[in-house]
Amino acid sequence: MSITLDSPLDMHLHLRDENMLSTVAPLSAKTFSGAIIMPNLVPPISTKDELLAYKSRILEATKGHTFKPYMTLFFKPTYTKEFLESVRDELTAIKLYPAGITTNSEGGVAGFDVEELRPTLTAMSELDIPLCVHGETNGFVMDREAEFVSIYEMLATNFPKLKIIMEHITTKESVEALDKFENLYATITLHHLLITLDDVAGGMLQPHLFCKPIAKRPQDREALRRVAFKAHPKVMFGSDSAPHPQHAKESCGCAAGVFTAPIAIQVLTELFTQYSTIENLQAFLSGNAQNIYSNIEIPKKTIVLEKEAFLVPNKYGDVVPIYAGETIKYSIIERKEI
Ligand code: NCD
Ligand code: ZN
Ligand code: ZN
């Protein structure tokens, strides 16, 4: 039996730049209708010119595909309302990183002083610009996300009209926060639905499964699965596909990030089928995001999958994907772009 999905969206994607961009961008663009593009380049995207130039490099790299890059800026508390108004039409969201918490986040926010953040966050909420957040403190690695929930609560209560997206959630505490605050939403990755810390470090260390936030406990994965499989209206798919060259992953000082973009939809289809919730995949993969990011334009694209073995390549360019060299159960057999 074939499975048809319309206009899949990836609401958290790293496309990088230069050669890496040319390698990875087409892999997302041929399958997804659009994606929220993370701004953590070196230096991060923080001006209108940088944003527009990056957008045109992405469009060039994805030529021939119907694909919308939804652009973001790297949050700075110095952004004024005038600046945000001037860039509003080019921008889908702003991404906030705590300083130094993940790849290329050194220029992020330190301290979370609400008064320091207030002018920019107030302007964002007036202009209806969603705030995407990498929610981790710099505490003990397994507790970082749960500790950050109090910062989400502080943001959600101080800025009740601001849409706040808890990016790549990994814990039951974040899942619980969703239902406590009207203006909190979340993205969930494929890998956090699949793995726990055991898969990363329980046996031989698996650098290609190492990412931020680190995969957590079985009960956390269970909480994520519960809301993803029923397509809870406040959660949406965001792959957090984060490519690094093989030498940066298989080295002393492994870079954080799992590369999932080329096989994300196939494996999601397998997972949702396995848990008898395939009827909810369309909402998780597109419908919920359309409701949450209410004013984005979504290109029409249809993909058809069949239960047909697919051998995952060992590498795409210089990047090792999840399931490299393994066979997954579903294949994309047709793509219709309009
Ligand atoms: C991301 C990256 O490599 O840019 N890495 C990751 O482990 N998720 C950054 C991020 O999303 O935190
Ligand atoms: Zn992140
Ligand atoms: Zn990310």
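Preceding this paragraph is the structure being described.
The shown structure was predicted, so the numbers you read here are calculated from the model rather than taken from an experiment. (Residues numbered from 1 in each chain as written. Chains lettered and ligands numbered in written order. Predicted model: local features only at pLDDT ≥ 70, side-chain atom pairs only at ≥ 80, totals over all residues. Heavy atoms only, no water.)

**Describing the sheet that holds strand 2 (residues 9–13)**
Selection criterion: Following DSSP output, two strands are said to pair if at least two bridges run between them. Here a helix means four or more residues in a row that DSSP labels H or I, a strand means two or more in a row labelled E, and each is numbered from the N terminus. Axes here mean lines fitted to C-alpha atoms, for a helix over just the part in contact, with angles spanning 0 to 180 degrees between N-to-C directions.
With respect to topology, 3 strands assemble into an open sheet ordered 2-3-4, the strand pairing being parallel. Two strands in the sheet have a free side with no partner beyond their single neighbour: strand 2 and strand 4 (68–70). This sheet shows a mean twist of 20° between the axes of neighbouring strands, independent of strand direction. With 3 bridges connecting them, strand 3 (residues 34–37) and strand 4 associate as parallel partners. For glycine 34, the partnering residue across the bridge sits in strand 4 and is lysine 68.

**Topic: the pairing of strand 9 (residues 184–188)**
Rules: Think of it in three bands: with a 1.4 Å probe and only protein chains considered, a residue is buried below 20% of the maximum accessible area for its type, exposed above 50%, and partly exposed in between. We call a crossover right-handed when, viewed with the strands running away from us, the connection from the first strand over the helix to the second turns clockwise.
Most of strand 9 sits inside the fold, with 5 of its 5 residues counted as buried. Residues Leu184, Ala186 and Ile188 of strand 9 are buried on one face, and the alternating residues Tyr185 and Thr187, pointing to the opposite face, are buried as well. Pairing between strand 8 (residues 164–166) and strand 9: 3 bridges, direction parallel. Residue pairing across strands places isoleucine 165 opposite tyrosine 185, the latter belonging to strand 9. Taken together, strand 8, helix 6 (residues 172–178) and strand 9 constitute a β-α-β crossover, and its handedness is right-handed. Where strand 9 meets strand 10 (residues 235–237), 3 bridges bridge the pair, whose relative direction is parallel. Its bridge partner lying in strand 10, isoleucine 188 is registered against phenylalanine 237.

**Considering helix 9 (residues 218–229)**
Counted only if it meets this: What a helix should span is 1.5 Å times the count of its residues minus one.
Taking 1.5 Å of rise per residue, 12 residues should cover 16 Å, and helix 9 covers 16 Å from first to last C-alpha, within 8% of that figure. Residues of helix 9 that are buried include every one of Asp220, Arg221, Ala223, Leu224, Arg225, Val227, Ala228 and Phe229, and no others. With its phi angle positive at about 50°, alanine 231 sits one or two positions after the end of helix 9.

**Observations regarding unusual backbone geometry**
Cis peptide bonds are those with omega within 30 degrees of zero, and the linkage from valine 42 to proline 43 qualifies with -10°. Backbone torsion omega between lysine 212 and proline 213 reads -10°, so that peptide bond is classified as cis. Turning to its location among the elements, proline 213 is positioned in the loop between helix 8 (197–202) and helix 9. If you check the backbone angles, aspartate 128 has positive phi at about 60° while not being a glycine. Within the secondary structure, aspartate 128 is located in the loop between helix 4 (114–126) and strand 7 (131–133).

**Considerations on the site of ligand 1**
To keep things clear, this is the line we draw: The nearness test applies per residue and asks whether one of its heavy atoms lies within 4 Å of the molecule or strand. Polar contact is the term for a pair of N or O atoms within 3.5 Å; when the atoms are in protein, one must be able to donate a hydrogen and the other to accept it, and sequence-neighboring residues count only if both atoms are side-chain atoms. What sets the accessible areas is the Shrake-Rupley method with a 1.4 Å probe; for residues, cover comes only from the shown protein chains. Three classes are used: nonpolar for Ala, Val, Leu, Ile, Met, Phe, Trp, Tyr, Cys and Pro, charged for Asp, Glu, Lys and Arg, and polar for all others, with Gly counted as polar.
Near ligand 1, the surroundings consist of 15 residues, among which Arg16, Asn40, Thr102, Lys212 and Asp240 are the closest. One of the backbone N or O atoms of lysine 212 is found 2.8 Å from an oxygen atom in ligand 1. Coverage of ligand 1 by the protein chains reaches 100% of its 320 Å² of free accessible surface. A class-by-class count of the residues in the shell around ligand 1 yields 3 nonpolar, 9 polar and 3 charged.

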